[in-house]
Amino acid sequence: MTPQYVAAIDQGTTSSRCIVFDRAGEIVAVAQREHRQIFPRPGWVEHDAEEIWDNVQQVVEEALRTAGTDAAGLAAVGITNQRETTVVWDRATGRPVANAIVWQDTRTGPLLRELASTYGEERFRTRTGLPLATYFAGPKLRWLLDEVDGLRERAERGEVLFGTMDSWLIWKLTGEHVTDVTNASRTMLMDLTTLDWAPDLLDAMGVPAAMLPEIRCSAEVYGRATTGVLARVPVASALGDQQAALFGQTCFQPGEAKCTYGTGSFLLLNTGASPVPSTHGLLTTVAYRIKGQPPAYALEGAIAVTGSLVQWLRDNLGLISTASEVEELARTVDDNGGCYVVPAFSGLFAPHWRSDARGVIAGLTGYITKGHLARAVLEASAWQTREVVDAMNADSDVALRRLRVDGGMTANGLLMQFLADVLDVPVVRSRITETTCLGAAYAAGLAVGFWPDLATLRAQWRSDAQWEPAMDPELRDRELGQWRKAVRRTLDWVE
Ligand code: ADP
């Protein structure tokens, strides 16, 4: 039987899912399973990597069953994953030595302050494109090496292996210990230019090279699955989730950008074949690398709180009972009534990177209703995007001309219009909103020749809605000024 499908595994922060795609890039079947969020102490977030592996096996089985196919029907399987989450496992038994430390975990704060004072922030930023922040994988690995009994000695003897979730799954599926460039670019251990582990950064971080995976392309065959329902299927891509969404949105040309609006929001701009350093608070990262081709780089603006602010309105304030009701409530008023919400719940990410910031509701008067609050909540996502876009335009020579969007919040038409208004560029929603899985599937299908080239993938992209900017420029500037004033009120809060 000629394979008709490509499967993608999306190992996300709250769940794992598997989607089967056909040759036209259409969804044939979806299966999803949530895993436990483990909070041992305030600021600590862990996952059980074994539980995740069990879930991945189950969702793959279920998706194949729903699609009415089996391993023989799949040309390849691709992987996309929550980035930066760190796991170490025993090479002989395949058992994790501890729970995985999740990207949101802030336990490495003191370690980062120590690294900053010993080596200086710039030492890492110039080589890796990343600021010293708890977000990234390298410091999490260092924490495990310091805190798990005997782990450093075992790492030096090559008895234990490090990986982000892509490596963990590829190892479980094929027995190969590899990672892809996009995931490696989030460790603070990879040199952005050589695309290899940097010996001096490993020394500075105190990480033995023997435990690291080999860095490979994002689209290439790493091996074939050895057991289970995927037995003999080529495992042929790995991409961090946001890079996968960029790939799924087919942003293959420099100057093309996408923003994914979920719990948080992540704007990635393809900057082409060389890394563009940021002087305005963005991350420089690898966008993807197809085997046999030069890498593509991206500038990234990571915003911690967007959709989760809508959840907060629903769960903590009880002003709405479902996320989509926020639009109806916001439409009960004509504007924000002078009210601004800056959701710096755990500090501000891009472009500010201020861990001392905390959220504010600014401009409260007796006039403000829950409708104004709902509007301000939605506007916060747009203004945070505007700040990231301004930083991008300042960092790169190519100004953003339009923005492709995906993710749960893009169902909100009021927000999408406001976004086009404040960015002053058209906002285009793709028809397939599962761009993360689609990107992993596309990369895997390219690697095995299921799709011939990038042009074919581009031709498959379809928009389902577009919003044109329509705001009076004076009003936009005035509102931007108010937003910036509200952001300043969040700073210097935590002593
Ligand atoms: P993730 O992949 O990060 O879990 P999703 O892409 O599934 O996120 O989007 C879910 C987020 O989008 C939630 O935070 C939810 O509050 C928000 N959301 C969902 N529907 C709407 C809507 N109609 N308007 C505004 N926000 C929404």
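This text follows the structure it describes.
One structure accompanies this document, and this report is about it. (Residues numbered from 1 in each chain as written. Predicted model: local features only at pLDDT ≥ 70, side-chain atom pairs only at ≥ 80, totals over all residues. Heavy atoms only, no water.)

### Some details on the pattern of salt bridges
Thought 1: Applying the stated criterion across every chain yields a total of 34 salt bridges.
Thought 2: A salt bridge links R431 to E26; the shortest N-O distance between them is 2.6 Å. On the criterion of sequence distance, the pair formed by R431 in the loop between β20 (427-430) and α14 (435-447) and E26 in the loop between β2 (15-22) and β3 (27-34) is long-range, its members being 405 residues apart.
Thought 3: Overall, the relative accessible area of 29% leaves E26 in the partly exposed class.
Thought 4: For R354, the salt bridge identified is with D356, shortest N-O distance 2.8 Å. (Salt bridge = Lys/Arg side-chain N within 4 Å of Asp/Glu carboxyl O. Helix = DSSP H or I, 4+ residues; strand = E, 2+ residues; numbered from the N terminus. Buried < 20%, exposed > 50% of the residue type's maximum accessible area, 1.4 Å probe, protein only.)

### Focus on the sheet that holds β20
Thought 1: In spatial order, the strands read β15-β16-β14-β13-β19-β20-β21; together these seven strands make up an open sheet with mixed pairing. Strands with a single pairing partner mark the edges of an open sheet, and in this sheet they are β15 (283-288) and β21 (463-467). Pairwise comparison of adjacent strand axes, ignoring direction, gives a mean angle of 30 degrees for this sheet.
Thought 2: Lying over the sheet, helix α12 (residues 370-395) contacts β13 (257-261), β14 (265-272), β16 (296-303) and β19 (403-406), oriented at roughly 145 degrees with respect to β16. (Pairing = 2+ DSSP bridges. Axes fitted to C-alpha atoms, helices over the stretch in contact; angles between N-to-C directions. Contact = heavy atoms within 4.5 Å.)

### Considering the side chain of S396
Thought 1: Tracing the backbone through its elements, the reader meets S396 in the loop between α12 and β19.
Thought 2: Taking relative accessible area as the criterion, S396 reaches 7% and is therefore assigned buried.

### Focus on the pairing of β20
Thought 1: Burial of β20 is two-sided: the residues V427 and R429 facing one way and the residues V428 and S430 facing the other way are all buried.
Thought 2: Note that the unit made of β19, helix α13 (residues 413-423) and β20 has a crossover that is right-handed.
Thought 3: Sheet topology places β20 next to β21; four bridges connect them, and they run antiparallel. Following the sheet pairing, V427 is matched in β21 by W467. (Right-handed = clockwise from strand over helix to strand, strands pointing away.)

### Let's talk about the pairing of β2
Thought 1: With six of its eight residues buried, β2 lies for the most part within the structure.
Thought 2: Bridging between strand β1 (residues 5-11) and β2 involves seven bridges; their strand directions are antiparallel. When the sheet's bridge partners are listed, Y5 is paired in β2 with D22.
Thought 3: A loop of three residues connects β1 with β2, the two strands running antiparallel in sequence.
Thought 4: With seven bridges joining them, β2 and β3 adopt antiparallel strand pairing. Paired with C18 across the two strands is A31, which belongs to β3.
Thought 5: As consecutive antiparallel partners, β2 and β3 are separated by four residues, and within that stretch G25 has a phi angle of approximately 80 degrees, a positive value.

### Here we look at the site of the ligand
Thought 1: Around the ligand, 14 residues are found, and the nearest of them are T263, G307, Q311, G408 and N412.
Thought 2: A distance of 2.6 Å is found between an oxygen atom of the ligand and a side-chain nitrogen or oxygen belonging to T263.
Thought 3: In this structure, an oxygen atom belonging to the ligand sits 2.6 Å away from a side-chain N or O atom of Q311.
Thought 4: Protein burial of the ligand: of its 580 Å² of free accessible surface, 70% is covered by the chains.
Thought 5: Examining the composition of the shell around the ligand, we find that four residues originate from one element, helix α10 (residues 307-315), more than from any other.
Thought 6: Across the shell around the ligand, the residue classes tally to five nonpolar, nine polar and no charged. (Near = heavy atom within 4 Å. Polar contact = N/O pair within 3.5 Å; in protein donor to acceptor, adjacent residues only side chain to side chain. Areas by Shrake-Rupley, 256 points an atom, 1.4 Å probe, with all protein chains shown as cover. Nonpolar A, V, L, I, M, F, W, Y, C, P; charged D, E, K, R; others polar.)

### Some details on unusual backbone geometry
Thought 1: Between A350 and the following residue, P351, the backbone shows a cis peptide bond with an omega angle of -5 degrees.
Thought 2: When you line up the elements, P351 lands in the loop between β17 (340-342) and β18 (360-362).
Thought 3: Phi at W353 is positive, roughly 50 degrees, even though this residue is not glycine.
Thought 4: By relative accessible area, W353 is classed as partly exposed at 23%.
Thought 5: One non-glycine residue, D424, adopts positive backbone phi at about 60 degrees.

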